[in-house]
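Chains, contacts and geometry: an overview
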Amino acid sequence: MPDENTSGYKEFKHSFNDPFADIEIEKAFRFTRPKTPSVDRCQKQMMKSPAKALEGLCLDAVHPDDKAQIQEDFKVYPGLASAFGNELLKAVGFGDLGN
């Protein structure tokens with residue numbers, strides 16, 4: 001029987017090299033499919049602030065148990081919002097945005 005806290009969530013992973021710390025970083029968070037209002041908000045905010053738009057999309061869709069950690073990671077690695085946000089947009093049918 002699926003756990004009600006994880007049902008509908010899928011793990012997304014992103015890894016990259018942090019040359020300043022000289023280490024390989026791998027991050028993984030659980031996301032649900034973004035809902036239409038969240039995607040609409042993201043699209044409207046993209047022209048004004050793409051980074052904030054994608055961060056908001058991620059925060060709307062991330063598993064509640066992962067939310068505090070992803071917010072902390074966004075402070076250290078702000079590019080994570082773009083990496084995970086673009087993957088969420090692809091998951092609902094958008095093409096590569098090139099961010």
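In the block above lies the structure referred to throughout.
What you see is a predicted model; the values in this text were computed from it and never measured. Every chain is numbered on its own, with residues counted from 1 as its sequence reads. Given that this is a predicted model, residues contribute local features only at a pLDDT of at least 70 and side-chain atom pairs are listed and counted only at 80 or more, while totals for whole chains, interfaces and linings are drawn from all residues. With hydrogens and water stripped out, all remaining heavy atoms of the structure feed into the side-chain values.

**Focus: the packing of aromatic side chains**
The aromatic pairing rule takes the rings of Phe, Tyr and Trp, using the six-membered ring of Trp, and pairs them if the centres are within 6.5 Å, calling planes under 30 degrees apart stacked, those over 60 edge-to-face and the rest tilted. Applying the stated rule across the entire model yields four aromatic pairs. Measuring from centroid to centroid gives 5.6 Å for Phe29 and Phe84, while their planes differ by 80 degrees, and the two rings are edge-to-face. Residue Phe29 is located in strand S2 (residues 23–32), and its partner Phe84 is located in helix H4 (residues 79–91); the two are separated by 55 residues in the primary sequence. Grouping residues by exposure puts Phe29 and Phe84 together as buried. Here the aromatic rings of Phe31 and Phe84 are separated by 5.5 Å at their centres, their planes lie at 40 degrees, and the arrangement is tilted. Taken together, the residues span a long stretch of sequence, with Phe31 in strand S2 and Phe84 in helix H4 at a distance of 53 residues. Exposed residues in this analysis have more than 50% of their type's maximum accessible area, buried residues have under 20%, and partly exposed residues fall in between, with area computed by a 1.4 Å probe over protein chains only. Residue classification places Phe31 among the buried residues on the basis of a relative accessible area of 1%. Working definition: helices are DSSP H or I runs of at least four residues, strands are E runs of at least two. Numbering for both runs from the N terminus.

**Structural notes on helix H3 (residues 67–76)**
Regarding H3, the residues found buried are Ile70, Asp73 and Phe74. One face of H3 carries all of its buried residues, which in axial projection span an arc of 105 degrees. Looking at H3, the residues exposed on the side facing more than 90 degrees away from the buried face are Ala68, Lys75 and Val76. For this analysis, residues touch if any pair of their heavy atoms sits within 4.5 Å. Summarising the contacts, the buried residues of H3 are in contact with S2, helix H2 (50–61) and H4. Of all possible arcs, the one meant is that of the directions from the helix axis to the C-beta atoms.

**Topic: the environment of Ile23**
Take Ile23: it is sitting in strand S2. Its relative accessible area of 41% is what places Ile23 among the partly exposed residues. Ignoring anything within four residues of it in the chain, the contact list for Ile23 reads Phe16, Asn17 and Asp18.

By themselves, these are just geometric observations and shouldn't be taken as functional.
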